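Secondary and tertiary structure notes
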Amino acid sequence: MRILTWVKPTDSQFHIGNYFGAIKPMLHLADKFKDAEIFLFLANMHAFTQLHDASALKQNGINIVKLYAACWVDLERFIIYNPAEIPWHAQLGWIFTCLTHMGFMERMHSYKEALDKGKAKEISIGTFCYPILMAADILLYDANIVPVGKDQKQHVEYARDIAMKFNNEFGETFKMPDVYIQEEVATVLWVDGRKMSKSYNNYIWLLDDEKTILKRVKQIPTSTLAIEEVKNPDECNVYKICKLFLTPEEDEILRKRYLAWGLSYKDVKEYLYEKIISFVQPIQKRYAEISDETIIALVNKNTKKVNEIAQKKIEEIYKKVGFKL
Ligand code: ADP
Ligand code: TRP
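Okay, so let's go over this structure. (Residues numbered from 1 in each chain as written. Chains lettered and ligands numbered in written order. Predicted model: local features only at pLDDT ≥ 70, side-chain atom pairs only at ≥ 80, totals over all residues. Heavy atoms only, no water.)

1. Some details on the site of ligand 2
In the vicinity of ligand 2, the residues found are W6, K8, F41, H46, Y130, M134, D137, I138, V146 and Q152. Within the side chain of H46, a nitrogen or oxygen atom sits 3.3 Å from a nitrogen atom of ligand 2. At 2.9 Å, a side-chain N or O of Q152 approaches a nitrogen atom of ligand 2. Across the complex, the protein chains shield 93% of the 360 Å² of accessible surface that ligand 2 would expose by itself. At four residues, the largest contribution of residues to the shell around ligand 2 is made by helix α8 (residues 130-139). Of the residues that constitute the shell around ligand 2, the class distribution is six nonpolar, two polar and two charged. (Near = heavy atom within 4 Å. Polar contact = N/O pair within 3.5 Å; in protein donor to acceptor, adjacent residues only side chain to side chain. Areas by Shrake-Rupley, 256 points an atom, 1.4 Å probe, with all protein chains shown as cover. Helix = DSSP H or I, 4+ residues; strand = E, 2+ residues; numbered from the N terminus. Nonpolar A, V, L, I, M, F, W, Y, C, P; charged D, E, K, R; others polar.)

Next comes the structure, spelled out in structure tokens:
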């Protein structure tokens, strides 16, 4: 069984929300499907629809893979590769482009989102065709499971549709990928009630220094209840964030402290600060130990291996559509 997952290098870092919402569920999934092969690719061709800064695109990719490794993603198990160096993604994308109607693409979430942000005539064709390239990313490798957030579900469904259309027209070629939505994935909210996000400037990067983290924690608004008053943990912003980092036993102890006399917000903020620090410190230490060269060599090696799989598949496809002389 093959699981296909990705990371889009539009940034060079991850915040705590990305960790709990993307990395941790991926580690769980790997654990759940112990025998599955896991392909994890840098969605740099997709990021190129937004980011036209060559050094940022390159360095973001390197830093992000490094951060995955620092977050205990097993680089032996997760095959991380660079699809931009595998020509068959774009080739297969072209074949699908010729089989897809404009009207179909106009209904896609990525295009509609771009429309909401700006003028239709200024949306790149790349953005318009984004799900087509995505379908090629998936179908080239006969992926069985594609774990995605709700926003990407429609795109994977398009991949299934185009696979079916191709199979009907040219004979059985592609496997149907299954969308895997991880419903239980938590959305990390910050104290402003919005999800932690780069767009809202309410994040803590995994690589933030102690001073920055302390500043964020100090900024958390609390109620005016005095020390001697009993407090409801579920109404406290500090507790809600703290909970992310606690074991069930630690959680129980902290809840009891809220419900008893004598809990000061200063103490609980210190506790939260320490929890965040002890969470990010080992990640930061590992991150600092991995060199860019190690990452580049690993990704290049994997890319060569994955290219062979893709090439075999494209040969079959070329024969079916008549591209092979
Ligand atoms: P941002 O909103 O900061 O731009 P991205 O859109 O780049 O983050 O998200 C990258 C991944 O992290 C996605 O899988 C997304 O679902 C997840 N993610 C982002 N923010 C959060 C959050 N606050 N809580 C849980 N998951 C999140
Ligand atoms: N569209 C995804 C995103 O915006 C990235 C992506 C590209 C992808 N190719 C894919 C996701 C293939 C799943 C499968 O985040």
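2. What about the site of ligand 1?
H15, G17, N18, G21, A22, A186, T187, V188, K195, M196, S197 and K198 make up every residue found near ligand 1. Note that a nitrogen atom of ligand 1 is positioned 2.7 Å from one of the backbone N or O atoms of V188. Between ligand 1 and S197, the relevant distance is 2.9 Å, taken from an oxygen atom to a side-chain nitrogen or oxygen of the residue. For ligand 1, the accessible surface in isolation is 540 Å², of which the surrounding protein chains cover 68%.

3. Brief notes about helix α3 (residues 54-70)
Taking 1.5 Å of rise per residue, the 17 residues of α3 would be expected to cover 24 Å, and the 24 Å separating its terminal C-alpha atoms lies within 8% of that figure. For α3, the tally of buried residues reaches 13 of 17 residues, placing the bulk of the element in the interior. If you check the start of α3, you find a side-chain oxygen 3.2 Å away from the backbone N of S55, and it comes from D53. Positive phi appears at W72, one or two residues downstream of α3, with a value of about 70°. (Expected span 1.5 Å × (residues − 1). Buried < 20%, exposed > 50% of the residue type's maximum accessible area, 1.4 Å probe, protein only.)

4. Let's talk about the side chain of H46
In this fold, H46 is placed in helix α2 (residues 44-47). For H46, a relative accessible area of 5% puts it in the buried group. Looking at H46, its side chain comes within polar contact range of the side chain of D137, at 2.7 Å. If near-sequence neighbours (up to four positions away) are discounted, H46 is found in contact with K8, Y130, L133, M134 and D137. (Contact = heavy atoms within 4.5 Å.)

5. Quick notes on the nonpolar core
Among the nonpolar cores identified, the biggest contains 61 residues, and Y68, L206, L272 and I276 are the most heavily contacted of them. If you tally residues by element for this core, the top one is helix α13 (residues 265-289), at 10 residues. Shared between two domains, this core takes at least three residues from each, and those domains are domain 1 (2-187 + 291-321) and domain 2 (208-286). The residues touching I276, leaving out its near neighbours within four places in the chain, are I16, I204, I213, V217 and F245. (Core = buried A, V, L, I, M, F, W, Y, C linked by side-chain atoms within 4.5 Å. Domains from an automatic or database assignment.)

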